Structures are given as structure tokens and as C-alpha cells.
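What the coordinates show
Each chain is listed here by its residues.
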Number of protein chains: 2
Amino acid sequence: MQNVTKQTEAFRHYMKRMKGFEEAAGLLYWDMRTGAPRKGIEARSEVVGMLSAEVFKMSVAPEMGEFIGYFQQPEIAAELDEVTKRSIAECAKDYERSKRVPAELYEEYVALTSQAETIWEEAKTKADFAMFAPYLERIIDFNKQFIELWGAGAHKYDTLLDMYEPGITVAQLDPLFAGLRERIVPLLREIQQSPHQPDVSLISQSFPKEQQKQFCLYMLQQIGYDFDAGRLDESSHPFATGLNLGDVRITTRYAEDDMSGALFGTIHEFGHALYDQNISSELAGTVLCNGASMGIHESQSRFWENIVARSKPFWRKYFAPLQRHFPQQFGRVQQEDYYRAVNHVQPSLIRTESDELTYNLHVMVRYELEKAIFSNQMKTADLPVAWNDKYKEYLGVVPPHDGVGVLQDVHWAAGLFGYFPSYALGNMYAAQLTNVIRRDIANFEALIEAGEFAPIRQCLHRHIHQHGKMLTPAELLMRVSGQTLRADELVDYLTTKYKEIYKIS
Amino acid sequence: MQNVTKQTEAFRHYMKRMKGFEEAAGLLYWDMRTGAPRKGIEARSEVVGMLSAEVFKMSVAPEMGEFIGYFQQPEIAAELDEVTKRSIAECAKDYERSKRVPAELYEEYVALTSQAETIWEEAKTKADFAMFAPYLERIIDFNKQFIELWGAGAHKYDTLLDMYEPGITVAQLDPLFAGLRERIVPLLREIQQSPHQPDVSLISQSFPKEQQKQFCLYMLQQIGYDFDAGRLDESSHPFATGLNLGDVRITTRYAEDDMSGALFGTIHEFGHALYDQNISSELAGTVLCNGASMGIHESQSRFWENIVARSKPFWRKYFAPLQRHFPQQFGRVQQEDYYRAVNHVQPSLIRTESDELTYNLHVMVRYELEKAIFSNQMKTADLPVAWNDKYKEYLGVVPPHDGVGVLQDVHWAAGLFGYFPSYALGNMYAAQLTNVIRRDIANFEALIEAGEFAPIRQCLHRHIHQHGKMLTPAELLMRVSGQTLRADELVDYLTTKYKEIYKIS
């Protein structure tokens, strides 16, 4: 028993060290994105690479193997506290996966993706898929090899999905996404045919950056961002980064012709940050001091961005402050018209700019293509045509060129296959969680309308945040809602909301 | 030969890794001082500690011992390039020093100083030397032990001096400082007796922070700070930090009742930063990518702060811009009066707030006391009285309590004995270097008056900056000026400048 205590301490210390390197790399990354001087970037990137490599090395080091071997002995495992036990399971998963990939193969892959990102950037600008294709093909081949090394489930793509959404499978996703699509596509058609279209011109005006920043800071204060444990900065691609429990930063981007991007983007990142700020301090310095999954994390950002901040009660409260901050732009606008404008639905080509409803369809296009690739039903060269066909089928739009089509996202160049579904999963989780919150606190809408977010934050903390990565997404959802993942809640929410906005009976 | 190449590469890689950890720790430190959220600081400090420990461990690791042993073999040393050879010498010095201190002893010392800093802070506030004395006594004892372990020269204090100013000794400093004092003290008396005292009230006005910041940025642009390789931020104690050659940041502090602090402080840190930005890229990633010594580094900051920015030609050029930035405060002030006010001499109690002339006397007080401590001529308990006596003797002022006397600086609590002399050495080096620059570029004053600093920067780059730590301070000075360190240049410069200001014939 004494030895278990000693070994537990040693293992905790080892994890803390890994997390320390990760934290340092995280701050360096944040700094590069928010204000590091240009000439220092190249050398700094090497340091980030070095620190990340250190974390990777520790995750596959013989010491880690020994910890896992020791703690997984049944008589030892029986004595362990839950945090150590779950941490070991998490580390073992990583260790096994990494161990199975020969170091040289992995290094070759890292070099390839780093090169591919540069090529992709140029290919996107030139709308030249052929330029990127050979790189993409090799990245796909590497991932196919990895799947063989890691071992595949019922569907080979499952192995990739599991990296971002532990436990999720094609067998689960296929009916979920089909159900979602079957109800979203007709709804979208009804919306498009509605004679009651919002006037979106009212949100395209001139918004000085400093004014936008002040309003974003005001909103963050209102919804309860802890500025003693975070800060708001500017970067070209907004993100949230949890460096430690007391330092979770967010960034945003200000477009001077439309403030919606910065506002809803900031609130989106706030949702991520609130999660990371509220993980139980018991998990600090462990590999469990993280979100349960990409999808659960996204559910938190989507909840605040869409379900809260794009809701009617929210603007009943905050339209007056918005007018005060932007008297020239919104002084003569009606609250209802603003609410409808920021909820405008429009099938478009670019995922990152799409609305709450069609967003899910963008994700499904990628899901279908990735699934086809990893079941060997599609070749790299066929991707552009397949992409365009799917956009036509799901969204009714066709990219004029690949730069705004198959080449639009960096993910594939970075080797991130299996990642996209998390975005749509986030929306589904968010809808299910909202129903839990409504059950817990009867006056959900009234609280939003009163600008009283503390009970909502507490509810999220209790159900989701505090647990960090102690539970899998499925365990978490079952515990919170008593249900498995479903598309119905999301569809019901979208249907009610948009029928009202578009006056569809 | 092939083996030498291979080993050289391995050693360079090893050094680069050490520098990488140092760079990461440096950025984390900068961030903590400039804007990290309060609640994240405690965990962040641990990460900084971890990264610094990593650098220390690498500097005393068996691998380092092997590199040193290998490269110091005469037949191998003969084949080495200069950078590797000098790097090995630098690493060997550290290695030997660290190796001689038992790890437990060193850890005990680190814990002591960290505790002592906290106690010192309270003791200073309470002006209670007795509270701090037992800690100071132990820190001194530790340092005496270190001197024995490291080996002492003619004077035990030499061992400590060498850590900050390689090669400097009491035997050199005693006559230098005596010579300086002998001429400065009478000059100071003449200044004090002069009927022509500057009107300092004109610099004590109200200066909004944002306006000060704009003027500091303007001045940095004028004197040639490379903002693509640095940035200006705010911190409670100003500093410059060279993270890598392309990222050398400076900070300043804005006092709203006097803008001189922020202005001259910013230019001071610029001097440090310009040095670090201009070390030869050949030295990047080596232990030589650093200043030659504390004193040489300080010479660069003092050169820009005092010799350039507190000069008459400088204000002939920049008084008009100053008036434009601060029309209400300086619109009716005469250029000459402003120049005299910012060069006002006043013996005072606090080193960090002292003027260009008396600054050296503050340093000498500490030098005399430290020397006496390490030659066992003074006990810890005697320091407050000795301090006050020396202030009376050198500066003619006596602290009303120890909080503004012997307890004013953190250095001793941090174990930094031997560090203070660098500040005065910086002034001497700066004066000697200025004479070299005057020889190199005939129109030194005219260039300043024209705001053309490029030739001056190039001169510094050629003589000082590019060499990094390739040369010792003495080598560098001899190479640049053909002289050893002297006090005369500094005294001549101060005498000429202040006789003119105070109209002393």
C-alpha cells in the first residue's frame, strides 16, 4: 500500500511535468497568434515543436510503460483512487496507439503534414486541387496505415472518429445524421420559400474596432467570463486556450463591416473557456484536466453562442445596451428585426460562415466523404466532384471553384480526419443539454431575459464542467440526461425557432 | 575529423535545447509581468520553475561533462571552430561551478532565497531589519560556502564579482571606484552650492498614460527600435528580455505625475534590447547568444538613456515633438529649462530614482559593504549602521529608516552579491565607448541633433553587439578602445556636462 502511494505520487508528478510542457507550449502558441513580433516567429515555432515533442516523448517513454504496467495489475488497480485510475486508462490509450506507430513513420508523417499545410494554402488561393492532391493522397495513405496499426472496429473510419469523440462510431452516426438531414433539408426549403425573409442589410454597417471591443468586453462581463482567470485578445482565427485552470484565454476577430462575427465569435469562445475554467481543481495537473471530447466542448460553445445569445429573450435584455454602444448603427433598428437578422438562414459555400441550421449540413458533406475515403469507396482525385455533388444535394449550392469548395478547410492538410463530425455532435449535445437545464431550472428563458446567468453557469458546472475528462461523452450524456445521443432535440429546437422567425405555420 | 563534426552537431543541438527551455521560461516570465490573469500565476510559476530546473539540470548533466571532456582534449580543441570552442569554455565554467555545490545544498539555498524574498518584502514595508537579518545572515553564509567550494582569488569577493562581470576583481575596482569618488564627491558639492539650480517643478505635472505611451512609441521609432523584432508593454518593474534574436521585448511603467520615468526608462530598456537584437545570428542557439557581461549590457542602456537622450543636441531635435505631444504641459516651457530639469542632480536615498551623477555613489556604498562582508570585516547586524554612515559620507544624506536604507533593494534577498558594481561599470564602459564612437564618426552630436541614429547604431553593432559573449568584457574593451577600464572618461564626461548645466566655472 505504501508503495502504491509512492508510485501514485511519482505518476502524478510525471503527468504534471507533461502538463507543464503542454502549458508552456500553449502560451507560446497563444503569443504567436496574438502579438509576437514577426521576426521571432520562426525560432519560436521550433521551441513550440521542441516542447510538444517532449510531451509526446514522455507519453511513450519506458517510464510511462512501467507506470501503466504497474497500475493495471488487478490487485493494484483495486486500491487506486478514481482520478489516478482514469488517468492511467487515458495514458494507456495514448501509449498503445503511439507505440504501434514506428517512430520513423510518425516523423515522416509530421513532416508531410507540415509541408502539406503550406501547399494547401497556396492551392486554396489558386483554387488548384491537383496541386494539393498528391499530398492529400499521401496523408490519407498514412492514416490508412495508422488504422491498420491501431486496429479497426466495424468500420475503419471508427478508429479516426474515436480520436476526437471517444466511443462514437459510423454505426451510431449514420442514422443520427440521416435523421437530422431528413428533417433539416425540408425545413431549409420551407425557410427559403418563406415570404418573410429578415432584412440582413441592417447588420452590414460600419463598426469601428474599438467600439466592438468595448461591447464584447461588456457582454463577457454580463455572461460571466472570469477576467481574473482569462483575457480577451485579437487573432486572425479566434480560439480559446486553457493553459491552466486559472488562465483560460480567448481571442476574437473584428470585421469592420459587420460586428456579428466578433460578438457571436467571442461568446462562442467564452463557452469553451467557461468549460476549461471550471474543471474540478482535483484534476489539475492530470491528463483529465480537459474536456470530455471535442463534441462536448463544442456543445458548450454552441450553447452560449446559439441557444443563449441568438435567442429572443437574450435580445430583449441586450438590444438596449447594443443600441447604447452603437447608437448610429442601431438607434433606429427594431429589436425584432435585429433578432431576425442575426438568425438569418442562407445556404452558403463556406462552413465557418454558415448559420446555425445549415452548419450541420456542411459537416455532413465532409463526414460522407471521409467515410467513403476510409472504406476505399472514393479516390482522392474524385473528391472535388463528389464535394460539389454533395453540396448541391444537401445545400442546393455549387462551388464555382475548389478554393471555396473542397479546399476551403485546413483540416485534411493537417491530417485531421474524423474531426468534423464533432461540430455537428456539439449542436446535438447542446440541444439535449438545454432540455436538461430547462428541467433543472424552470425559468431558463426568464433568467436569460433578466441577464442572470449564474444559475445557468452553475448548472453547466454541475453537469458537465467539473468532470473534465473523468467521463466519456456517452457516460456524461447518460448521467446528465438519462439518454443516449439523439438528433430529435436539435431538430425540435431548430424547427420551433426557425418556424417562428420565418413565420412558417 | 568526422567524429568532431558529429560531436559538434550533437553539442550544438544540446545547447539549442537548453536555450529553447530558457526562451520558453523567458516568455512565461514576460507574460506574468505584463498581463497574465491573476488566478493562473501560481500554477504558471511552477512551470517557469520546471523549465529553469531543466536548463540547470542540462548544464550539469553527465552528457555535458562528456562534451566538455571530449572537446577539451588538445587535439580536438585544435580542430574546433571559435564559436564551439568558446561555448565549451562557457559551459565548462558553469559546469565546474555547479558540480562543486552538492545538489542538496543548492536546493536548500534556492528554497531559502525564495522564502527570503517574501520576508524581505514585509521587512522593507515595516522598516524592520531585525526581521530580515536571520535570512540575510544565512544567505551570506551560503555564499561564503560557495566561495570556498568554487575557489577564491586574491579577494574572496572576486569569486562573486566574476559571476556578473567575468574577470573583474577587487584589486581593479578599488582604485577605479576611489578615483571616481574622489572627483565625483567634490563635483557634487559644487553642484549643490551652485546658485543656478534647475526648476524641477516643470516636469512634475499631470501626464495621461495614453499620451505618454504614444510619445514613448514615437521615440522608440525615432531611435530605431525594430518593432518587427520586439514590442513595448507595461509592467511594474521595467525590463528588457531577449527571447530570441527576432523577439526582444521591453516594458515600461507610466507615472501620471511625471513622464520622465517612463520616457528615460523606455530608452534605457531600448539600449538593452538593441544589444540583444543585434547579436550575430551565428551565435543564435548557443550560450554565447548573450551580452558579454552585466556591465557591458548596462553600458548600452546607459549610453542611450543618458549620453544620448539626456544630451543637449537630443533635446534640440526632440523638444518640439515633445511639445506637440504635450502642448498643455510643455507648450510654454523653454527647451533649455526642460534639458536642465531632466538633468537635475540631487543626492537622494533611493538608487533606482537617482540621477546620472550620484547613481555611482549609491553603487559604491553597496560595493564597500559587500566587500567588507565577504572579507569577514562586517557582521550582518552591523549593516544598517554601516549603510547609514556610508550614505552620510558619500551622498550627505541619512535614511530616516531602514525601509529606505539598507532594505531598499531585493538583490541581497535573492542572493545577488557582486551584482551591484555592474551598474557603475556600465557607466564607465559607456563613457569609454562614447569616446570611441566620437573617434569613429566625427559628427556624433550633429547626428543626434539631426535624429540620425543609424550610424551610431551601426557603430555599436560593429564594436559591441555582434560579438555577443564571444569576448570577455576586458577583451571587448581593449579591442574597441585599445584601453583597459578607466574612470577618467566617465568623470570627464560628467564634469563637462554638469559644470555647463550648473554654470560652474
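Since we're looking at a predicted model, the values are computed, not measured.

What follows concerns the interface of chain A and chain B. Think of interface size as the accessible area that goes away when the parts come together; that is how it is often given. Taken together, the contacts link 35 residues of chain A with 35 residues of chain B. For the chain A and chain B pair, buried surface summed over both sides reaches about 2,700 Å², with 53% attributable to carbon and sulfur atoms. The tally of links from chain A across to chain B stands at 14 salt bridges. The leading source of residues in the side of chain A that touches chain B is helix H1 (residues 2-34) of chain A, at ten residues.

On inspection of all chains with the given rule, the structure shows 85 aromatic pairs over all chains. A ring pair is formed by Phe207 of chain A and Phe326 of chain A, whose centres lie 5.5 Å apart and whose planes are at 80°; its orientation type is edge-to-face. With Phe207 of chain A in the loop between helix H9 (170-193) and helix H10 (209-223) and Phe326 of chain A in the loop between helix H13 (312-325) and helix H14 (327-330), this residue pair connects regions lying 119 residues apart in the sequence. Exposure class is identical for Phe207 of chain A and Phe326 of chain A. Each is buried. In this structure, Lys317 of chain B packs its charged tip against the face of Tyr318 of chain B, placed 5.9 Å from the ring centre.

Next up on the list: the pattern of salt bridges. Summed over the entire model, instances satisfying the criterion amount to 78 salt bridges over all chains. With a closest N to O distance of 2.7 Å, Glu500 of chain A and Lys312 of chain A form a salt bridge. Taken together, the residues span a long stretch of sequence, with Glu500 of chain A in helix H22 (residues 488-501) and Lys312 of chain A in helix H13 at a distance of 188 residues. In this structure, Lys390 of chain B and Glu393 of chain B form a salt bridge, with 3.6 Å as the shortest nitrogen-oxygen distance. In this pair, Lys390 of chain B and Glu393 of chain B are both assigned in helix H17 (residues 383-395), three residues apart and thus about one turn of the helix distant. A cluster of three or more residues bridged by salt bridges with shared partners is formed by Glu23, Asp247 and Arg249 of chain A together with Asp31 and Arg44 of chain B.

What follows deals with the relation of the copies chain A and chain B. For the pair chain A and chain B, the superposition axis carries a translation of 0.1 Å, the fit reaches an RMSD of 0.0 Å, and the rotation angle comes to 180°. One copy is carried onto the other by what is essentially a two-fold rotation axis. Residue Ala24 of chain A, judged by its C-alpha, is the member of chain A lying nearest the rotation axis, at 3.3 Å. Taken as a fraction of all interface residues of chain A, those also at the interface in chain B reach 100%, which identifies the copy contact as same-surface.

What follows is about the domain arrangement of chain A. Residue and element names in this part refer to chain A. Here the domain parsing of chain A yields domain 1 (2-126) and domain 2 (170-501). Using C-alpha coordinates to define each centre, domain 1 is positioned 28 Å away from domain 2. On the domain 2 side, the residues contacting the 24 residues of domain 1 number 31 residues. At the boundary of domain 1 with domain 2, total buried surface from both sides reaches about 2,300 Å², with 64% on carbon and sulfur atoms. It is Trp30, Arg86 and Trp120 that lose the most area in domain 1 upon contact with domain 2, and together they represent 28% of the buried surface on that side. Along the contact surface separating domain 1 from domain 2 lie two salt bridges. Its salt-bridge partner being Glu90, residue Lys469 comes within 3.0 Å of it at the nearest N-O pair. For the pair domain 1 and domain 2, the interface holds nine residue pairs in polar contact (both at pLDDT 80 or more). Where the side of domain 1 that touches domain 2 is concerned, the elements lending two or more residues are H1, helix H5 (82-100) and helix H6 (103-126). Among the elements that take part in the side of domain 1 that touches domain 2, H1 stands out by supplying eleven residues, more than any other. Taken together, the residues that form the side of domain 1 that touches domain 2 break down as ten nonpolar, four polar and ten charged.

Once that is clear, we can look at the sheet that holds strand E3 (residues 247-252) of chain A. Residues and elements named next belong to chain A. Across the sheet, three strands lie side by side as E1-E3-E2; this open sheet has mixed pairing. Looking at which strands have only one partner, the edges of the open sheet turn out to be strand E1 (232-234) and strand E2 (240-244). With direction set aside, neighbouring strand axes in the sheet form an average angle of 30°. Sitting on the sheet, helix H11 (residues 260-277) touches E1, E2 and E3, and the angle it makes with E3 is about 165°.

Residues Phe56, Tyr106 and Val110 of chain A make up a contiguous nonpolar surface patch of roughly 230 Å² in combined accessible area. By relative accessible area, which is 31% here, Phe56 of chain A ends up partly exposed.

Quick look at the side chain of Lys19 of chain A now. Residues and elements named next belong to chain A. One can find Lys19 in helix H1. Relative accessible area serves as the criterion here: at 15%, Lys19 is assigned to the buried category. In terms of polar contacts, Lys19 uses its side chain to reach the backbone carbonyl oxygen of Cys289, at 3.4 Å. Aside from chain neighbours lying at most four places away, what touches Lys19 is Gly285, Thr286, Val287, Cys289 and Asn290.

Bringing the sheet that holds strand E2 (residues 240-244) of chain B into the picture now. All names here are of chain B. One open sheet accounts for three strands, arranged E1-E3-E2; its pairing is mixed. Of all strands in the sheet, those with a lone pairing partner are strand E1 (232-234) and E2, marking the two edges. Within this sheet the neighbouring strands show an average axis-to-axis angle of 30°, counted without direction. By the bridge criterion, three bridges tie E1 to strand E3 (residues 247-252) in an arrangement that is parallel.

Between two packed helices, what matters for the description is the angle formed by their axes and the separation of those axes. Viewed as axis vectors pointing N to C, helix H2 (residues 41-60) of chain A and helix H1 (residues 2-34) of chain B meet at an angle of 100°, and their least axial separation amounts to 10 Å. Between H2 of chain A and H1 of chain B, the angle is such that the two are roughly perpendicular. Of the residues in H1 of chain B, those in contact with Ala43, Arg44, Glu46, Val47, Met50, Leu51, Glu54 and Lys57 of chain A of H2 of chain A are Lys16, Arg17, Gly20, Phe21, Glu23, Ala24 and Leu27 of chain B. Residue composition of the contact of H2 of chain A with H1 of chain B, by class: seven nonpolar, one polar and seven charged.

This part is about unusual backbone geometry. If a residue is not glycine, its phi is most likely negative; likewise, a peptide bond is most likely trans. Backbone geometry at Lys503 of chain A places phi at a positive 50°, although glycine is not the residue there. Position of Lys503 of chain A relative to the elements: it lies in the segment after H22. Notably, Ala127 of chain B is not glycine yet its phi reads approximately 50°, a positive angle. Within the secondary structure, Ala127 of chain B is located in the loop between helix H6 (103-126) and helix H7 (129-150).

Our next topic: empty space enclosed by the protein. All names here are of chain A. Summed over the entire model, instances satisfying the criterion amount to five cavities of 30 Å³ or more. Taken as a whole, the largest cavity holds about 70 Å³ of empty space. Every residue lining the largest cavity is listed: Trp120, Phe132, Arg366, Trp387, Val406, Leu407, Asp409, Trp412, Ala413 and Phe420.

Rules used in this analysis
- Residues numbered from 1 in each chain as written.
- Chains lettered and ligands numbered in written order.
- Predicted model: local features only at pLDDT ≥ 70, side-chain atom pairs only at ≥ 80, totals over all residues.
- Heavy atoms only, no water.
- Contact = heavy atoms within 4.5 Å.
- Buried area = accessible area lost by both parts, 1.4 Å probe.
- Salt bridge = Lys/Arg side-chain N within 4 Å of Asp/Glu carboxyl O.
- Helix = DSSP H or I, 4+ residues; strand = E, 2+ residues; numbered from the N terminus.
- Phe/Tyr/Trp six-rings, centres within 6.5 Å; stacked < 30°, edge-to-face > 60°.
- Buried < 20%, exposed > 50% of the residue type's maximum accessible area, 1.4 Å probe, protein only.
- Lys NZ or Arg CZ within 6 Å of the ring centre and 35° of its normal.
- Least-squares fit on C-alpha atoms with pLDDT ≥ 70 in both.
- Domains from an automatic or database assignment.
- Polar contact = N/O pair within 3.5 Å; in protein donor to acceptor, adjacent residues only side chain to side chain.
- Nonpolar A, V, L, I, M, F, W, Y, C, P; charged D, E, K, R; others polar.
- Pairing = 2+ DSSP bridges.
- Axes fitted to C-alpha atoms, helices over the stretch in contact; angles between N-to-C directions.
- Patch = residues over 30% accessible without salt bridge, like charges linked within 9 Å, V, L, I, M, F, W, Y side chains within 5 Å.
- Areas by Shrake-Rupley, 256 points an atom, 1.4 Å probe, with all protein chains shown as cover.
- Parallel < 35°, antiparallel > 145°, perpendicular 65-115°, else oblique.
- 1 Å grid on protein atoms, 1.4 Å probe; cavity = no way out; pocket = protein on both sides within 12 Å on 5 of 7 lines; lining within 4 Å.
- Points joined across faces, edges and corners; volume = space filled by probe spheres on them.

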